[in-house]
Structure formats: structure tokens, C-alpha cells
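Listed below, chain by chain, are the residues.
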Amino acid sequence: MTDDERFSLLISVLGEVPGSTAAGTRDPRIPEEVTNMSAGYTPGVPRLGIPAIQSSDAGMGVTNPGYRPDDEGATAFPSSIALGSSFNPRLVREGGEAIGREARARGFNVQLAGGCNLARDPRNGRNFEYYSEDPYLSAVLAAEQVDGIQSQGVVSTLKHYTLNCNETNRHWLDAIIDPDAHRESDLLTFQIAIERSQPGAIMSGYNKIDGEYAGGNHHLLNEVLKGAWGYPGYVMSDWGATPQWQFALAGLDQESGVQADLMLWGKQPFADELRDAYVNGELPAERLSDMVRRILRSLFAVGVDRWGPAPEVDMAEHNRIALEGARQGIVLLKNDGVLPIPSDRPLAIAVIGGYAQQGVISGTGSGAVAPVGGFAGVIKIGGAGVMGKHRNLFLFPPSPLEELEKFLPQAHFDLDPGYTPAEAALTAKRSDMVIVFGIRVEGEGFDSVLEGGVAESMTEGVHRSGPGLGEPTVADLSLPWGQDAVIDAVASANANTIVVLETGNPVSMPWRDKVKAIVQAWYPGQAGGQAIAEVLSGAVNPSGRLPITFPESLEQTPRPELPGLGTPWGTAVTIEYNEGAEVGYRWFAETGARPMYAFGHGLGYTTFEYSDLAVTGGDTVTATFTVSNTGDRPGADVPQLYLTEAAGERRQRLLGFERVELQPGTSHRVTLVAEPRLLARFDGTAGKWRITEGTYKVAVGKSADSLDLTAETTLTNALFGS
Ligand code: BGC
């Protein structure tokens, strides 16, 4: 290859969205004949059979934030946190295959999917793009998505490496963590997912980790990823995350969306400076070859160079997958006998709030998908920073109201927009039952913050001063726009109130004891309206389980105050992830606090029981037990195996899970073999995983704090892996 050819592979150019710049022009580096633009374009080398590299977001479908006016829309799958709630690897793989097919049909050979940061903070605006707070669950599911996409000849990323766990001033955020704890948590997620799926590329995050930017982090890229783990693929930066060419020396192989760097840092380092560094000897020739080789290796390994005609895309089948994901992702948090709604009675049902007459909402940012046929509505919200213009309330049809009418044909529906508590209460009062929708738009570039009064009930009136904000600020998990007051008023007016939440994170529920049922629907994707109606009417028996702990209040979490929250764009922020590897339910186990709803929690319309737990030890834990459907409906359960004590030390770890579908009165024997690293501690001095000989206690349960069967076994000393 010539040097021109080699250097041309080391950058990607962001597609200009028509009309988004004053000139409304596209970058001259993108040839005129390229009409399918999205997040990144890298020219190919035709004389060597190397195709142009064209990348698109993301993990919930092929996005089109205005790039391709002729694109009629892609399948908008449920948010990743909804799929995390399904605990169903097979379903995530099917979704990955579908995304891969839709990417390929549009000519995209790199899909920027595989979001697998841990949900460390329930305020993180991007948790909806990630699967869970647990390393093992996140790794297993992310790997299935990557594998599904790559099975279609499309490279997938895993992102964002690593600790990109908050959005607050993310370009200036320094994430501090103990290195061994990092290996046992966020890094373990990437390690297991990489082993299981061999992603062609890893996207580094925006943030710093222990003082070094993710994309220029010699330790994490050269020593851990490429060294200890032997990762053979390439590392691309996030868009606008390469402030200097020296990141190449630290392990970054490709600078993404170079115009974003120009905007943020005033230069495009790999485009403008890397070649000079090579010519004057600062970038060694071997490193240049390594960068190029890694990129090409991944294209060839996944088969990007061997594409035949694009496969047929069966959009009806993809809608079925999206529907199945929404069904399995909906979590029934509470049910005092009001659900399912009887379909054989002419009930008067009030449907209140959340634009339920129009559609279901989605998360925002680079991962937002435009569905086939378009949105049911788009309301611009806006906000500070570069992501402000992407922050919209997107509504996907069909609406929950329309779907409820189909599934409850005898009912009479009365709609109220939830505009004021008083008006909503009037509608509630004259109904037999109320379904009130609570929504919160979350997305890239924003952590949840709420200022002032509504939040008071959750923090018991304690006001804290937010850094950088003059006024007293209560940062909590409330619903915005006064919705808590509407729900409260409605629940006071009608004892049969059901709340349906469309959010990307846990919310506080000051009205929790006043309502009969709570349904967490997340951002359920284009088939979400149908899935919600099916679950409420009992056509589908809910089976989702929480992949993230719902705390009673932020006081229970490791960081009641989020550093930097509310500070202006550009402010340097340091977040100390002092919980280390004890993320989510692990933190609750350590502190002994009881959350509002635990990780793994989820109800259904039937009941399950566990029995006959047998456990063996040695190198790892193997557990066998029986799951029985003891209710009177078919349904699915997700029994979970946890470590609760390791050689005398209290330590909770999800060791395994299995989604089991059972007819009433039937049983199934489940065997789970624990991934040994979940039983070990990382020994940074030895650079290996260490299991200390002793007694290991495990439990099988319905959630992290509902452990039905317990057992113990002995593990032997072991020092292994890297
Ligand atoms: C996001 C990435 C995304 C990229 C390209 C960035 O803002 O952080 O996840 O892949 O944009 O659109």
C-alpha cells in the first residue's frame, strides 16, 4: 500500500446533514456518488479490493438523523435497557441479525452498536443505550448483538471503552476508579463480550479514565485491550474525542468523524498531523502498519470485502422481533390485583398523559432511529452543548390508546392529556379504572437533573446546592413537567390507577403506595404501543426483570450528588466511582440498604417456585435446580443464581440466569455454570484472576434481594487468565 492509501484509512469523515451547516454542503472528502451517508465515511482502496468503510449508528436500529432524505425508515427496536430486561440472549441475537441486515441493505459495513457501559448511575442519560448494571448480563447480551450484526457481514463495535457512565460534561469528565475494581466491572464486561463475539472494532469513550482520555489511554488500550487480552481488531475514537495525534501511540487506530474534532479541539489530528509525525519519525513505521493491519483484518474477518448482493429485508419479520423485544422487556413492578384488565367487561377506562394517544417515546441522541412511515410526532426540547439540537421528544406509532382499543374491545376509553392535575382528576373520577402514562425524555449529552419543588417528597425536603448553580437544586429521579402531581391527583381520584412508565432509567415514585399497578415499559420501540396493550390486557404475560436497581432515593446510591451536574458545557468534572466493582445491586448488598425495586425484580400473571438446589465446587460453581410454574397461566420466568459470600467475605455477584418458558403445572431443571472470573478477584500485581480457597455461598432467587434457595460449596485456590 502507498502511504496515501494507508493514511486515508486512519480517519473517517462525518456525513454533513443537509441544511445543518450555513453552507448546507457536504464535506469535499465524501465523493459525490456516495449517497448513503451517515456517521462515518472512509475511502476504500479499489485497486486492492478494499471497500470504502461506511458506518452508521447504533444498537437500536439503523439511525438516520436527517442524513438520507430518501430513506424510508428503519426498524426501531426497543432500547437496549428494555432488551436487558428480557434477559434473553437469543432475542438480542435475532435483533442484531436484523440490524445487520438493515445496515447492509443501506450499504453500511460498520454498525456503531454494542453499547455496553454499565448503568452505574441512574441519572446517566445514555443508560437506555446500555443493557444493565451487571457486567455478566451486559457482556452476554452485547456479545449476542455484535455476533448477530457481524453474521451479516457487517463489522460491529462494542462501545464506549470505558467508564463512559455519565454524560455530564463528558468531553471533560475524568472517571476515577481503582484499577483492579475496574477489571472486575466495566472492563470485565468488555473482556467477556470481546471473547464471545470478536467485535471488529472497539469505540473508545469521550471521558478520561484515571487522568488519561479513553482514546489516548496507553494502559487501557495497549496494555489491557491489546496486550493482556490480545485483541486483534481496531480501536476507533468516539466522534470528537481525538484532541491529539499522539493518541495513535497510546493505541488509537482510527480517528472518527474528524469534523467533530475540528469543532471541539480546533484540529483534526489524524488528518492534519499524523503524517508529519510519521515523516519526522515520531510515529514509528511499525505502528502505522499495525493501525492499518488492524482495520483491514477486521474488514476481512467479518467479510466486508466479500459482499454479494444485499440480502432481502423482511420488515414484517423485523417488526415481529421488535415486538417480541418490547413484550419481553416490559417489567411489571407492582400489581395489587388490578392487572390484567378484564377484556370481557364494558369498563370505563381513562387514559391519561404521556401522549398515549399518539405513540410511545424513545431516547434521544445519535442512537435515535426514524421508524418506517415516520414518527407520530416530534417535539423539539433542545438543551446546551452539541447534543442540544438532537434532544427531541420522538413519538413512535402506533399509540398505546389505539392498541388498547383493539385488545379491550368492550371497554370505553376516555382520553385526558394530563395537562393539569385537576383536569386529569376529573376524568379519573368518572372512570372505573385509570391508565396514566409517565414519560421522561433522556438521551445523549444529558444526565437527569431536576431543579426545585416537585422533587421534594423524594428527598424529604433536603435541598442541596448544585455546583455552578446559584439556586437550591434537588437532583433526583422525578418525572418532569409536573407529571408526579398529575399521577398523584389521578390516584387520589380513582383507586384503580395503573401507571405505565416510558423512561430510560429508574424514576422516583412519590405516588407508589397510592396506585394499584406499575408497569415499566422503558423506551419500547416501534411495536411498544402494541406490547403495552398486550401486557395490560393479559394477551401477553409479562416476564421482564429489572436490569438496574430502582433505589428509594439517590441517598442510597454511591453518589447522591453528581459532580458537575448543572455546570456549563466545557467545565472539567471528576467523578470518583468509589463503589468500584460494587455497582448497582452489589452496592445495595454491601450497604444493606433495601431498594425500591431490586435488580432482577419483575412480576407476571402466574407464579413460579424453585426447588432441589444442588451445587458443586472445585474450579467453579455449578448449580442445578428446578423451576415450576405453580400458577394457572403459561409464562416465562428468569431464575437468577447469585454468589452471596466468597471465602468469608460478603460479595454479591450474578453468576448466571436462564429465561424459562413454562406451561402451568410443569417444571424444568436448570443447570448454570458460573464464569470463574465472577468468583474471583483481579490481582493487579500478578495481572491475573485469583480465587481464594474456601467456602462459597450461593443462592437462587427471583431478584437480587429475593433469594429463595441457598447452598454452599468449596472452591480451590486458582490463579488464572489475564
Ligand atoms: C456517540 C457515539 C456514536 C457517534 C457517531 C457520538 O456522539 O457517542 O455513540 O456512535 O456519535 O454518531
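The rules behind each value
- Residues numbered from 1 in each chain as written.
- Predicted model: local features only at pLDDT ≥ 70, side-chain atom pairs only at ≥ 80, totals over all residues.
- Heavy atoms only, no water.
- Salt bridge = Lys/Arg side-chain N within 4 Å of Asp/Glu carboxyl O.
- Helix = DSSP H or I, 4+ residues; strand = E, 2+ residues; numbered from the N terminus.
- Buried < 20%, exposed > 50% of the residue type's maximum accessible area, 1.4 Å probe, protein only.
- 1 Å grid on protein atoms, 1.4 Å probe; cavity = no way out; pocket = protein on both sides within 12 Å on 5 of 7 lines; lining within 4 Å.
- Points joined across faces, edges and corners; volume = space filled by probe spheres on them.
- Nonpolar A, V, L, I, M, F, W, Y, C, P; charged D, E, K, R; others polar.
- Pairing = 2+ DSSP bridges.
- Axes fitted to C-alpha atoms, helices over the stretch in contact; angles between N-to-C directions.
- Left-handed = near helix turned anticlockwise from the far one by under 90°.
- Contact = heavy atoms within 4.5 Å.
- Domains from an automatic or database assignment.
- Buried area = accessible area lost by both parts, 1.4 Å probe.
- Polar contact = N/O pair within 3.5 Å; in protein donor to acceptor, adjacent residues only side chain to side chain.
- Core = buried A, V, L, I, M, F, W, Y, C linked by side-chain atoms within 4.5 Å.
- Arc of directions from axis to C-beta.
- Near = heavy atom within 4 Å.
- Areas by Shrake-Rupley, 256 points an atom, 1.4 Å probe, with all protein chains shown as cover.

(A) Examining the pattern of salt bridges more closely. What the rule picks out here adds up to 52 salt bridges. The residue Asp3 makes a salt bridge to Arg6 at a minimum N-O spacing of 3.0 Å. Taken together, the residues Asp3 and Arg6, both in helix α1 (residues 3-8) and three residues apart, mark about one turn of the helix. The exposure class assigned to Asp3 is partly exposed, which follows from its relative accessible area of 26%.

(B) Region of interest: the layout of surface pockets. Of the voids in this model, the second largest pocket is the one considered here, and its volume is about 390 Å³. Residue lining of the second largest pocket: 20 residues in total, with Ala384, Gly445, Phe446, Asp447 and Thr567 positioned closest to the centre. Taken together, the residues of the lining of the second largest pocket break down into eight nonpolar, eight polar and four charged.

(C) Spotlight on the sheet that holds strand β5 (residues 173-176). Here four strands make up an open sheet; going across it, the order is β8-β7-β5-β21 and the pairing mixed. Each edge of the open sheet is held by one strand with a lone partner, namely β8 (212-213) and β21 (573-576).

(D) Here's a closer look at the packing of helix α4 (residues 135-150) against helix α6 (residues 186-197). Two elements in contact, α4 and α6, have axes separated by 8 Å at closest approach and are oriented at 35°. Pair α4 / α6 crosses with right-handed handedness. Taking contact as the criterion, the partners of Pro135, Tyr136, Ser138, Ala139, Val140, Ala143, Val146, Asp147 and Gln150 in α4 are, on α6, Thr189, Ile192, Ala193, Arg196 and Ser197. Here the contact of α4 with α6 is built from residues that sort into eight nonpolar, four polar and two charged.

(E) Layout of the domain arrangement of the protein. Under the domain assignment used here, the protein contains domain 1 (3-18 + 35-306), domain 2 (322-559) and domain 3 (606-720). The straight-line distance from the C-alpha centre of domain 1 to that of domain 2 is 32 Å. Listed as interface residues are 44 residues of domain 1 and, on the opposing side, 46 residues of domain 2. Buried area between domain 1 and domain 2, both sides added, is near 3400 Å², and the carbon and sulfur share of it is 56%. Between the two partners, domain 1 and domain 2, sit three salt bridges. Salt-bridge contacts for Asp121 lead to Arg559; the nearest nitrogen and oxygen are separated by 3.9 Å. The interface formed by domain 1 and domain 2 holds 24 residue pairs in polar contact (both at pLDDT 80 or more) in total. It is helix α2 (residues 80-86) that provides the largest number of residues to the side of domain 1 that touches domain 2, a total of six residues.

(F) Local environment of unusual backbone geometry. The omega torsion across Lys159 and His160 is -5°, close enough to zero to call that bond cis. Note on placement: His160 falls in strand β4 (residues 155-161). Pro340 follows Leu339 through a cis peptide bond whose omega is -5°. Mapping Pro340 onto the fold places it in the loop between β10 (331-335) and β11 (348-352). Of note in this structure, Gln198 is not a glycine but carries a positive phi near 45°.

(G) Highlighting the nonpolar core. Core analysis: the biggest nonpolar cluster contains 122 residues, and Leu10, Leu158, Tyr161, Leu225, Leu274, Leu283 and Leu679 have the highest contact counts within it. Take this core: its biggest share by element is eight residues, from α4. Both of domain 1 (3-18 + 35-306) and domain 3 (606-720) provide at least three residues apiece to this core. Apart from the residues lying within four places of it in its own chain, the contact partners of Leu283 are Phe7, Trp245, Ala248, Leu249, Leu274, Ala277, Tyr278 and Leu288.

(H) Region of interest: helix α7 (residues 218-228). Taken residue by residue, α7 has Leu220, Leu221, Val224, Leu225 and Lys226 as its buried positions. For α7, the angular spread of buried residues about the axis comes to 155°, placing them on one side. Backbone geometry just downstream of α7 places Gly230 in the positive-phi region, at approximately 65°.

(I) Representation of the packing of helix α3 (residues 89-105) against α4 in the model. Running from N to C, α3 and α4 point in directions that differ by 35°, and their axes come no closer than 6 Å. By crossing handedness, the relation of α3 to α4 is classed as right-handed. Contact with α3, carried on its side by Pro89, Val92, Arg93, Gly96, Glu97, Ile99 and Gly100, involves Val140, Leu141, Glu144, Gln145, Asp147, Gly148 and Ile149 of α4 and no other residues of that element. Residues that form the contact of α3 with α4 fall into these classes: six nonpolar, four polar and four charged.

(J) Main features of the site of the ligand. Close to the ligand lie 13 residues; Asp57, Arg126, His160, Asp238 and Glu444 are nearest. For the ligand, an oxygen atom lies 2.6 Å from a polar atom in the side chain of Asp238. Protein chains shield 93% of the accessible area of the ligand, which is 310 Å² for the free molecule. Here the residues of the shell around the ligand sort into five nonpolar, two polar and six charged.

(K) Here's a closer look at the sheet that holds β4. The mixed open sheet is built from six strands, whose spatial order is β1-β2-β3-β4-β6-β9. Since the sheet does not close on itself, it has two edges, and those belong to β1 (40-42) and β9 (234-236), each with one partner. Direction aside, the axes of adjacent strands within the sheet are offset by 25° on average. Relative to β9, strand β6 (residues 201-204) runs parallel, the two being bridged by three bridges. Across the sheet, the residue bridging to Ala201 is Tyr234, located in β9.

(L) Expanded view of empty space enclosed by the protein. Enumeration according to the criterion identifies seven cavities of 30 Å³ or more in this entry. Looking at the largest cavity, its volume works out to about 120 Å³. Here the residues of the lining of the largest cavity are counted per class, giving seven nonpolar, three polar and four charged. Both domains that furnish three or more residues to the lining of the second largest cavity are identified here as domain 1 (3-18 + 35-306) and domain 2 (322-559).

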